[in-house]
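Structural overview
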Amino acid sequence: MSGFFENLGATLGNGARNVVDKTKDVAGVASIKAQISTAQAGLGKLYKELGKAYFEEHSDSDEYGPLMEPIRDALKKITELEEKLADAQGTTKCPSCGAQVPKDSQFCPTCGVPIDIAKAAADAEDDSSKEIPIE
Ligand SMILES: [Zn+2]
């Protein structure tokens, strides 16, 4: 009779242990998956930074032509769209930091550079380059 209860106890114990192990597995699997995702996201960011650093160093290189050319195209497209956006919004590009600034602003709200002076200087440069005769 005592054997029956010992066996029953052992059976119940095993059952409870299996439930605990499975719960632990599910939590462990989720945790490991989360850690893998975090590591992959970090790796993706590092690859992106490396790619950008490489591109900036070798933007004229054809070594990775199939990857470099679309980046050059995308940058050109972004510049064109930014100019279009500036026109549509009635803004101008800060000559110092590149932020979009309302055309009537006196200072860039991002970097604080005086817009009119910076613009005038840029205009003056353009004018002088036209006016100075080639010697
Ligand atoms: Zn600025």
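Residues numbered from 1 in each chain as written. Predicted model: local features only at pLDDT ≥ 70, side-chain atom pairs only at ≥ 80, totals over all residues.

**Overview of the overall build of the protein chain**
Within the protein chain, the secondary structure is distributed over three helices and two strands. Put simply, the protein chain runs from its N terminus to its C terminus through helices and strands in the order α-α-β-β-α. The burial tally for the protein chain puts 3% of its 135 residues in the buried class. Long-range contacts, defined here as pairs at least 24 residues apart, represent 4% of the contacts in the protein chain between residues at least 6 apart. (Helix = DSSP H or I, 4+ residues; strand = E, 2+ residues; numbered from the N terminus. Buried ≥ 20, exposed ≤ 12 C-beta atoms within 10 Å, placed from the backbone. Contact = placed C-beta atoms within 7 Å.)

**What to know about the confidence of the model for the protein chain**
Per-residue confidence for the protein chain gives a mean pLDDT of 80; residues scoring 70 or more make up 71%. Mean pLDDT values for the elements of the protein chain range from 55 in helix α3 (residues 115–131) up to 89 in helix α2 (residues 65–89). (pLDDT = per-residue confidence, 0-100.)

**Quick word on the environment of lysine 93**
If you trace the backbone, lysine 93 turns up in strand β1 (residues 91–93). According to the C-beta neighbour criterion, lysine 93 is partly exposed, with 17 such atoms within 10 Å. Sequence separation between lysine 93 and cysteine 108 is 15 residues, and the spatial gap between their C-alpha atoms is 9.2 Å. If sequence neighbours within four positions are ignored, lysine 93 has contacts with Ala86, Gly98 and Gln100.

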